[in-house]
Amino acid sequence: MNSTERIMATLAGKPLDRRAIAPVLGLYGARLTGCPLDQYYTDPAAYARGQSAVRETFRPDVLCAPLAFASIGAAFGSELVFPHTDVPNIRRPAVQSVDEWDLLVPPDPDKDPRLLYFRDAIRLMAAEHKNQVSIAMVIPIPADIPGVVMGLESWLETVLFDPAGTQQVMDKVNPFYVRLVNGFFAAGATFVVMPCGFASPTIVTREIVTAFTRPILAQVLAQLRGPVILHNVGAPMLPHLDLLTGLPSVAGVIMDQRDDLARARRVVGPDIVLFGGLDCSTISEMTAVEVEDRCRAVLEERRQDARFVLGTSGPDVVWNTPPENIHAMLRAAESFGSIDA
Amino acid sequence: MDIQQSLIERIRLADRQGCNALLDAWATEHGYERLITDVLDPAMMLIGEEWSASGTFTLAQVYIAAKVTEDVLGRIASMRKLSSECRPSKGPVVIGNIEEDFHALGRRMVGTFLRAEGWIVHDLGNDVPATVFVDKAQEVGARVIGVSAMMMTTAHNIRSVRDEIDSRGLTGRIQLAVGGAVFCVCPDLVEEVGGDGTAPNALVVPGLFDRLWERSVGKEAGP
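Residues numbered from 1 in each chain as written. Chains lettered and ligands numbered in written order. Predicted model: local features only at pLDDT ≥ 70, side-chain atom pairs only at ≥ 80, totals over all residues.

(A) Main features of the overall build of chain B. The helix and strand tally for chain B stands at eleven helices and five strands. For 223 residues, the compact-globule estimate of 2.2 N^0.38 gives 17 Å, and the C-alpha radius of gyration of chain B, at 18 Å, lies within 12% of that figure. Taking all 223 residues of chain B together, 47% fall into the buried category. Taking contacts inside chain B between residues at least 6 apart in sequence as the whole, the part at least 24 apart equals 72%. (Helix = DSSP H or I, 4+ residues; strand = E, 2+ residues; numbered from the N terminus. Rg over C-alpha atoms; globule rule 2.2 N^0.38 Å. Buried ≥ 20, exposed ≤ 12 C-beta atoms within 10 Å, placed from the backbone. Contact = placed C-beta atoms within 7 Å.)

Here it is in structure tokens:
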């Protein structure tokens, strides 16, 4: 099986020659090619070269399109900063308060160069790898987008204390979001991964998820033209997972390494793909033997689970992770062997 | 239900108005001066301990706690202005996000809870170089610098603050508190970046600063 076939078989719950692996190696491509990050996160060809190097070096079953949420904020007017060994971040948000949203016009996904960067990177990656490797685009859920435009604190304040202002903001964000994400699918993304900040049990209450986040997700996901994988945003997801079941377009969930995967399976039912395994930060602190042992333990625990992918949780695998640690994931999956349906 | 538990329940419900109404009613009877020591501090400590132990509070709820604390401090400040009273301060401290880190929310909440405990907080903001932290601490006479980082990569930049403190011969005199989400995931990181201490969340940071301040005074006094 090639990687695309392996992922498709996992989605369908069919037998596999081995478990699929999906470490998040968007950033790591720049390390492999020696590309400066300000170029990597603005030049689609440079990004695509990095992902070719990732595929050649580690043979993952999923390649990541640029994981650069801050660049979406930049398209709205936020000021970016490019750290030397990490993804872009926001130095100054585009607006400071909900009142300023009145005058804010969302960027055009078909014209804004910072948004076209994502689409062009996906297109280049699809042209080179699509039939062999799945391509995942990572973008936060719609309820998290205002956070990269006005800063998390102002957005949290708005959601908590200003329902009318919150509605006004989301009325602008949702149509923009649908166009943007459908553009990713049209460019060749196999699926879109959505970190769920405003559904995370570490960030918001169940009441907020129920009254605010879920209705938006239900409305927006129904308009998307491809499968969606919900993501843990670097924190345990299980306590709110029941609030995210039954949403349209959702094909999978990337769980946190601290979540109980057996319980997660019971919550989401048999048809949803579960991703899980290692934390993207601590993998850099482990030895290759520890990584392989941890992966084998997870694989053993999910032996009977037809729809499981071994992956990393949280954002990108961190820059200083030794390559042998990433190789250890594939080695664990290969030595574990085939999976019956 | 006692006043602290009533406050915690309202924070759980993210009910800022309910919190303020409850606290105002209590203060009318017992006075605003006792509000911090008898109600707010112990309640925040309980929330902080529960949040650390079981993760049952959310960022949104703790944000409500910070806003309620700010509301109370604002009311007390206006009353003091009217009465020209002055509360004795614990001393100056410096906080900020390390160079290349722009995740301000946690640091700002830390500032709120430190002010509530009587610290004079010099908040340097985001993306602060090591030299600026130590310059400011020396300028204002701070014995504790609190440095925040959210990600693993930026957390490693905190090592430069340790080096700056040591190279100026201020080891022990200036204590380095470190914090941020990544320190909860990787506790070994505290030692790796040269931190003198950490706290699992913003609400219990004042206790950490108390301990580090005392340690600084003790080191200076000698054995």
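Having put the structure on the table, let's press on.
(B) Examining the interface of chain A and chain B more closely. Taken residue by residue, the interface counts 25 residues in chain A and 20 residues in chain B. Mapped onto the side of chain A that touches chain B, the elements with two or more residues apiece are β4 (89-92) and α8 (152-161) of chain A. For the side of chain A that touches chain B, the element with the most residues is α8(A), which contributes five residues. Its residues assigned to classes, the side of chain A that touches chain B shows 13 nonpolar, seven polar and five charged. (Nonpolar A, V, L, I, M, F, W, Y, C, P; charged D, E, K, R; others polar.)

(C) Focus on the sheet that holds strand β1 (residues 91-97) of chain B. Residues and elements named next belong to chain B. Within the open sheet, the five strands sit side by side as β2-β1-β3-β4-β5. Their pairing is parallel. In this open sheet, the two strands that pair with only one neighbour each are β2 (119-123) and β5 (197-198). Bridge count between strand β3 (residues 144-148) and strand β4 (residues 175-179): five bridges; the pairing is parallel. In the sheet register, Ile-145 faces β4, and the bridge partner there is Leu-176. Contacts between helix α11 (residues 205-221) and the sheet are confined to β1, β2, β3, β4 and β5, with β4 contributing the most and set at about 160 degrees to the helix. (Pairing = 2+ DSSP bridges. Axes fitted to C-alpha atoms, helices over the stretch in contact; angles between N-to-C directions.)

(D) Here's a closer look at the confidence of the model for chain B. Model confidence for chain B is summarised by a mean pLDDT of 89, while 95% of its residues fall at 70 or above. In the model output, the complex is listed with pTM 0.84 alongside ipTM 0.87. (pLDDT = per-residue confidence, 0-100.)

(E) Up close: the nonpolar core. Counting 183 residues, the largest nonpolar core has A:Ala65 and B:Ile145 as the members making the most contacts within it. Mapping this core onto the domain boundaries places at least three of its residues in each of domain 1 (3-83) and domain 2 (91-221) of chain B. Filtering out sequence-adjacent residues up to four positions away, A:Ala65 remains in contact with A:Phe118, A:Ala121, A:Ile122, A:Met125, A:Ile135, A:Ala136, A:Met137, A:Val138 and A:Ala189. (Core = buried A, V, L, I, M, F, W, Y, C linked by C-beta atoms within 7 Å. Domains from an automatic or database assignment.)

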